[in-house]
Amino acid sequence: MPTRSVMPRVMLQVRAALLLTATLLAGAAGAQDADRHAGYYYPPITSQEDYATRAAVMPQATGELRLGFVTGLAYQQNARPYAPPFVVFAKGETSERLIIVAIGQNGFQGLYQARAVLAHMTSMARGTPVFREKGLQDVLTFLDLVRMLGFEELTISDGQSFAHRITLK
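Bear in mind the structure is a predicted one, so any value in this text is a computation, not a measurement.

Colleague: Can you walk me through the sheet that holds strand β3 (residues 97-102) in this structure?
Modeller: Each strand in a sheet pairs with another by means of backbone hydrogen bonds, the pair being arranged parallel or else antiparallel. Spatially, β1-β5-β4-β3-β2 is the arrangement adopted by the five strands of the open sheet, whose pairing is mixed. Every other strand in the sheet has two partners, leaving β1 (47-51) and β2 (86-91) as the edge strands with one partner each. The average angle at which neighbouring strand axes cross in this sheet is 15°, direction not considered. Note: strand β4 (residues 153-157) against strand β5 (residues 163-168), five bridges, orientation antiparallel. When the bridges of β5 are listed, E153 appears paired with T167. Against the sheet, helix α2 (residues 63-78) touches β2 and β3, its axis set at about 165° to β2.

Colleague: I keep staring at the pairing of β4 and nothing clicks. Help me out?
Modeller: One face of the sheet, then the other: side chains in a regular strand alternate in exactly this way. With five of its five residues buried, β4 lies for the most part within the structure. Burial along β4 is two-sided: E153, T155 and S157 and L154 and I156, pointing in opposite directions, are all buried. Across five bridges, β3 lies against β4 in parallel orientation. In the strand pairing of β4, I99 is matched with T155. Where β4 folds back onto β5 in an antiparallel hairpin, the turn is made up of five residues, including G159, whose phi is positive at roughly 80°.

Colleague: Looking at this model, I keep getting lost on the nonpolar core. Mind explaining?
Modeller: Side chains of a nonpolar character, in soluble globular proteins, are inclined to be buried together. Counting 39 residues, the largest nonpolar core has F69, I100, F108, F142, F151 and L154 as the members making the most contacts within it. Breaking this core down by element, the ones donating at least two residues are α2, β2, β3, α3 (111-125), α5 (142-148), β4 and β5. Contact partners of F151, with chain neighbours within four places excluded, come to R66, F69, V70, A90, S95, E96, R97, L98, V146 and L168.

Colleague: Teacher, can you tell me more about the pairing of β5 here?
Modeller: The element β5 is largely enclosed, with a buried count of five among its six residues. With five bridges joining them, β1 and β5 adopt parallel strand pairing. In the sheet register, E49 faces β5, and the bridge partner there is I166.

Colleague: What is the right way to read α3 from this model?
Modeller: Owing to its 3.6 residues per turn, the α-helix aligns residues three or four sequence positions apart on the same side. With 15 residues, α3 extends 21 Å from end C-alpha to end C-alpha; this agrees with the ideal 21 Å at 1.5 Å per step. All of the buried residues along α3 are A114, V117, L118, M121, T122 and A125. In a view along the axis of α3, the buried residues occupy a sector of 150°, so they form one face of it. In α3, the exposed positions angled more than 90 degrees off the buried face are occupied by Y112 and S123.

Colleague: Explanation requested: the side chain of Q77 in the structure shown.
Modeller: Its location among the elements puts Q77 in helix α2. Exposure remark for Q77: the relative accessible area of 9% places this residue in the buried category. Among the polar contacts listed, one links the side chain of Q77 to the backbone oxygen of F86, at a separation of 3.0 Å. Beyond its immediate sequence surroundings of up to four residues, Q77 is in contact with Y82, P84, P85, F86 and V87.

Criteria and thresholds
Residues numbered from 1 in each chain as written. Predicted model: local features only at pLDDT ≥ 70, side-chain atom pairs only at ≥ 80, totals over all residues. Heavy atoms only, no water. Pairing = 2+ DSSP bridges. Helix = DSSP H or I, 4+ residues; strand = E, 2+ residues; numbered from the N terminus. Axes fitted to C-alpha atoms, helices over the stretch in contact; angles between N-to-C directions. Contact = heavy atoms within 4.5 Å. Buried < 20%, exposed > 50% of the residue type's maximum accessible area, 1.4 Å probe, protein only. Core = buried A, V, L, I, M, F, W, Y, C linked by side-chain atoms within 4.5 Å. Expected span 1.5 Å × (residues − 1). Arc of directions from axis to C-beta. Polar contact = N/O pair within 3.5 Å; in protein donor to acceptor, adjacent residues only side chain to side chain.

Treat this as a map of the structure, not an account of what it does.
Here it is as structure tokens:
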């Protein structure tokens, strides 16, 4: 039987071991959650970058607003007389991850075409009232707009061979 002086030391060691185990498990769960969509909606991430946005997150940026944005984009695409070349959706606990995946035979043929789609979406974003009213249509991009809405990252993929993640800061 341990003496009284040994018991507190043993308890401290047990506490430290439990804390270390909990920390390691939380880190592993966080890493798994951060990439849980890879392999389901798109292939594993093949490249990534950080984008320093030039606009702040709007105070009213909520998960509901982000879902409304994605729903609006889907509605616009579905109103066209042809099938959309890509789909846009939000994932995450508060819909903070924006995902764009090419569909069909005419999807992105690589990262450069995916970037061209983002540039085209910038053209569309520059026509929005939020850009025009503030005189920012020549300054901000689609990535700035999605950051203003509170998205933290954007993943764009051809749905087959590449997935590029952009972290919005």
